[in-house]
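# Coordinate inspection notes
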Amino acid sequence: MKDSGQKQNRWKLKDFLRIGLGGFPEQGMISIDVTYRCNLSCTHCYFRYQRYDTELTIDQWLSWLENRRAHGYPFLICGWLGGEPLLRRELLEKGLGYFKSNVIFTNGTLELGPWPDCTYVVSVPALRTQYTSITGADAKTFDKVKAHADRKDLQVLISFCITRPMVNRVPEVPKEWEKTAVKGVYFEFYTPRYGDNLQLWVDWKSRDLIISQLLELKKIYGDFIANTRQELILMKAAKFRAIVDDCPFYHIGASFDPMGRRKLPCAVGPEADCTRCGCILPVFSQILSKRRLMVHALWDGIQKELRGRKRTNTVGHWNSLPASRSRHEIHI
Ligand code: SF4
Ligand code: SF4
């Protein structure tokens, strides 16, 4: 069995040509629930309702990956989810090298790393004052998470899932993080499950207002608001509802539970209320699926790269990201 702890599978020109000519391949973007365990209990968590209590062993996961390789599945993008994936470092250590791009979605309560060749998306769904009530963590945890995310040597983004209690606090979020080394804050909205009482869900009208606010904030913070303009426009209700009518993730991606079984329609599971989806994933999948949008996104990425080199960002600490768009492989 190959130990793929070090990066082995890299993007090559032929990959881009293949995608450019043939489109993004089926299951080119997958997510793996690394573990069923988590040390937080967030109010908006879909995962705990899936009630897993077992997981594949490391060797079983490696066989699973090898089996997929033998069947010719693409190993392009993988989102490592949970539970808290950093509770199971050995699987990450051995699994990351299989994929060309990796995104580790963590709650940030454990030290990040040591893998530099991936993106860490640290989920912080609240400001300091609400953090305990939203995540169930003790009062010291927010500062611990902030210290863990503040890593110049790693590619770290904050993911802020907007729930209804947070709708009026969005402008404070970039302020909270701008003096750290994180590369930006990515916003998305809470996705309810069917039958939820919708107390946390942000209705379409409020959501559109927040997106307009984020577009304005981008004029101040530039790329530190990590959602691109294109993504924000696609997140607006009219366009987004048309996209999730037939969620493009279903056609190009796949999610797998801690036992390696396919989860449908996505990581949120069969109870996902797609008619009220707030994830960024449909937008990102739509961009990957439509050549016209992908060209636009690539051009946007090149412009950012150039801006990053000139260091003209108003926040002043933006470290330019490679045009690989790795930071957009968020929320898989
Ligand atoms: S950190 Fe993630 S998996 Fe853990 S409770 Fe919160 S939302 Fe759920
Ligand atoms: S919950 Fe959202 S991302 Fe998941 S399948 Fe439904 S629309 Fe797509």
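This is a predicted model, so every value here is computed, not measured. (Residues numbered from 1 in each chain as written. Chains lettered and ligands numbered in written order. Predicted model: local features only at pLDDT ≥ 70, side-chain atom pairs only at ≥ 80, totals over all residues.)

### A few points about the overall build of the protein
Filter applied, for reference: A run of H or I in DSSP counts as a helix once it spans at least four residues, and a run of E counts as a strand once it spans at least two, with each numbered from the N terminus. Our exposure labels follow a C-beta count within 10 Å of each residue's own C-beta, placed from the backbone: buried means 20 or more other C-beta atoms, exposed means 12 or fewer, and partly exposed covers the counts in between.
A count of helical and extended segments in the protein gives 12 helices and 8 strands. Residues counted as buried form 42% of the 332 residues belonging to the protein.

### As for the site of ligand 2
Just so we agree on the cut-off: To decide whether a residue is near a molecule or strand, its C-beta atom is placed from the backbone and checked for lying within 6 Å of it. Throughout this entry, Asp, Glu, Lys and Arg are counted as charged residues, while Ala, Val, Leu, Ile, Met, Phe, Trp, Tyr, Cys and Pro are counted as nonpolar. The remaining residues, Gly among them, count as polar.
Around ligand 2, a shell composed of 14 residues is seen, among which Cys-247, Cys-266, Ala-272, Cys-274 and Cys-277 lie nearest. Across the shell around ligand 2, the residue classes tally to 13 nonpolar, 1 polar and no charged.

### Looking at the site of ligand 1
Taken together, Cys-38, Leu-40, Ser-41, Cys-42, Cys-45, Phe-47, Arg-48, Gly-82, Gly-83, Glu-84, Asn-107 and Ser-123 make up the full set of residues adjacent to ligand 1. Of the residues contributing to the shell around ligand 1, the split by class is 5 nonpolar, 5 polar and 2 charged.

### A few points about helix 11 (residues 281-289)
Counting buried residues along helix 11, 8 of its 9 residues qualify, which places the element largely inside the surrounding structure. Here helix 11 has its buried residues at Leu-281, Pro-282, Val-283, Phe-284, Ser-285, Gln-286, Ile-287 and Leu-288.

### Examining the sheet that holds strand 5 (residues 155-162)
Hydrogen bonds between backbone atoms are what pair the strands of a sheet, whose relative direction is either parallel or antiparallel. Applicable threshold: What makes two strands pair is DSSP finding at least two bridges between them.
Pairing is mixed across the open sheet formed by 8 strands, whose spatial order is 6-5-4-3-2-1-7-8. In this open sheet, the two strands that pair with only one neighbour each are strand 6 (185-189) and strand 8 (262-263). Sheet analysis places strand 5 next to strand 6, joined by 5 bridges and oriented parallel. Pairing of Ile-162 across the sheet is with Phe-189, part of strand 6.

### Considering the confidence of the model for the protein
Here is the rule: Here pLDDT means the predictor's own confidence in every residue, given as a number from 0 to 100. C-beta atoms are first placed from the backbone for all residues, and any pair lying within 7 Å is then listed as a contact.
When pLDDT is averaged across the protein, the result is 88; 86% of the residues are at 70 or more. This stretch, residues 1-6, has a pLDDT under 50; its non-local contacts, to residues over four places away or in other chains, come to 12 contacts. Contacts from residues 311-332, a stretch scored under 50 in pLDDT, to residues over four places away or in other chains number 66 contacts.

### A closer look at the pairing of strand 5
So the rule is basically this: Note on handedness: a clockwise path from strand one over the helix to strand two, with the strands aimed away from the viewer, defines a right-handed crossover.
Taking burial as the measure, the 8 residues of strand 5 include 8 buried ones, the bulk of the element. Going residue by residue along strand 5, you find Gln-155, Leu-157, Ser-159 and Cys-161 tucked away on one face and Val-156, Ile-158, Phe-160 and Ile-162 tucked away on the opposite face as well. As paired elements, strand 4 (residues 119-123) and strand 5 share 5 bridges and run parallel to each other. Within strand 5, the position partnered with Val-121 by the bridge is Leu-157. Traced from strand 5 through helix 6 (residues 172-177) to strand 6, the parallel crossover comes out right-handed.

### Brief notes about the nonpolar core
Heads up, the rule is: Under the definition applied here, buried Ala, Val, Leu, Ile, Met, Phe, Trp, Tyr and Cys residues are grouped into a nonpolar core through C-beta atoms within 7 Å.
Counting 79 residues, the largest nonpolar core has Ile-158, Ile-162 and Val-185 as its most contacted members. Considering every element that reaches this core, the biggest residue donor is strand 5, with 6 residues. Once you skip the residues sitting within four places of it in the chain, Val-185 turns out to touch Ile-158, Phe-160, Val-173, Pro-174, Trp-177, Phe-224, Ile-225 and Ala-226.

### Quick notes on the pairing of strand 1 (residues 29-33)
Among the 5 residues in strand 1, 5 count as buried, and that is most of the element. Alignment of strand 1 against strand 2 (residues 77-81), held across 5 bridges, turns out to be parallel. Paired with Ser-31 across the two strands is Gly-79, which belongs to strand 2. This β-α-β element, strand 1 to helix 2 (residues 58-70) to strand 2, shows right-handed connectivity. By the bridge criterion, 4 bridges tie strand 1 to strand 7 (residues 253-256) in an arrangement that is parallel. Looking at strand 7, one finds that Ser-31 is bridged to Ser-255.

### Quick look at the environment of His-148
Along the polypeptide, His-148 turns up in helix 5 (residues 141-149). When the 21 C-beta atoms within 10 Å are taken as the criterion, His-148 is described as buried. With near-sequence residues (within four places) excluded, His-148 lies in contact with Gly-108, Glu-111 and Leu-112.

### Overview of the environment of Ala-267
Topologically, Ala-267 is positioned in the loop between strand 8 and helix 11. Distance from Ala-267 to Asp-33, taken between C-alpha atoms, is 8.2 Å for residues 234 residues apart in sequence. Look past the residues within four positions of Ala-267 in its chain and what remains in contact with it is Ser-31, Leu-81 and Ser-255.

### Considering unusual backbone geometry
A negative phi angle characterises most non-glycine residues, just as the trans form characterises most peptide bonds. Each neighbour pair has its own omega, and for Gly-82 with Gly-83 the value is 5°, a cis peptide bond. The topology assignment puts Gly-83 in the loop between strand 2 and helix 3 (89-95). Cis geometry marks the peptide bond from Leu-264 to Pro-265, where omega comes out at 0°. On the secondary structure map, Pro-265 appears in the loop between strand 8 and helix 11. The backbone phi angle of Gln-27 is positive, close to 60°, even though this residue is not glycine. One can find Gln-27 in the loop between helix 1 (13-22) and strand 1.

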